[in-house]
Amino acid sequence: STRMRTPEDISISLTEILPRHKINFVNSKATRLDPGRQTLKLENGETLDYDYLIIATGPRLAFDEVPGANKYPVSVCTTPHASHAAIEVDKLQEDPGPVVVGSMQGS
């Protein structure tokens, strides 16, 4: 959010980098996991065999679950959020005022 780098500077193409590391990325919802057979059934009808399975769900931001938190949120949790935060920091530098810094675990 300090504009030292642009979103393009920190973004990579998964379709280019993953195959170089022999990683098969499949973007589909899982519908059934069978750990005994080491298979994963997907919503698209495909069944995957695996040696190691990584389930990475990512964050779920929920500012609306904490009363008042969605009124003035400035987050850096995603690239678009960080870009917005840079704009808000610019505004703060032009017209300084109170700042509250914190985090909301589980929200």
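Let us look at the structure shown here. (Residues numbered from 1 in each chain as written. Predicted model: local features only at pLDDT ≥ 70, side-chain atom pairs only at ≥ 80, totals over all residues. Heavy atoms only, no water.)

### Section: helix H3 (residues 79–94)
Over its 16 residues, H3 extends 23 Å from the first C-alpha to the last, a length consistent with the 22 Å expected when each residue adds 1.5 Å. When H3 is considered as a whole, its buried residues turn out to be Ala 82, Ala 85 and Ala 86. Seen end-on, H3 carries its buried residues on one side only, within an arc spanning 105 degrees. In H3, the exposed residues that point more than 90 degrees away from the buried face are Pro 80 and Glu 94. Two to three positions downstream of the cap, the backbone nitrogen of His 81 sits 3.1 Å from a side-chain oxygen, assigning the N-cap of H3 to Thr 78. (Helix = DSSP H or I, 4+ residues; strand = E, 2+ residues; numbered from the N terminus. Expected span 1.5 Å × (residues − 1). Buried < 20%, exposed > 50% of the residue type's maximum accessible area, 1.4 Å probe, protein only. Arc of directions from axis to C-beta. Polar contact = N/O pair within 3.5 Å; in protein donor to acceptor, adjacent residues only side chain to side chain.)

### A word on the pairing of strand S1 (residues 30–34)
Bridge count between S1 and strand S2 (residues 39–42): 4 bridges; the pairing is antiparallel. Opposite Ala 30, over in S2, you have Leu 42 as the bridge partner. (Pairing = 2+ DSSP bridges.)

### With respect to the pattern of salt bridges
Considering all chains together, one arrives at 2 salt bridges under this definition. For Arg 37, the salt bridge goes to Asp 34, with nearest N and O atoms at 3.4 Å. The class for Arg 37 is exposed, based on a relative accessible area of 65%. (Salt bridge = Lys/Arg side-chain N within 4 Å of Asp/Glu carboxyl O.)

### Observations regarding a nonpolar patch on the surface
Together, Ile 12, Leu 14 and Phe 25 give the surface a local cluster of nonpolar side chains, amounting to about 330 Å² of exposed area. Note on placement: Leu 14 falls in helix H2 (residues 14–20). Looking at Leu 14, the relative accessible area reads 42%, which means it is partly exposed. (Patch = residues over 30% accessible without salt bridge, like charges linked within 9 Å, V, L, I, M, F, W, Y side chains within 5 Å. Areas by Shrake-Rupley, 256 points an atom, 1.4 Å probe, with all protein chains shown as cover.)

### With respect to the sheet that holds strand S3 (residues 47–49)
If you trace the 3 strands from one edge of the open sheet to the other, you get S1-S2-S3, paired in antiparallel fashion. Strand pairing shows two members of the sheet lacking a second neighbour, S1 and S3, which therefore form its edges. On average, adjacent strands in this sheet sit at an angle of 20 degrees to one another, irrespective of strand direction. (Axes fitted to C-alpha atoms, helices over the stretch in contact; angles between N-to-C directions.)

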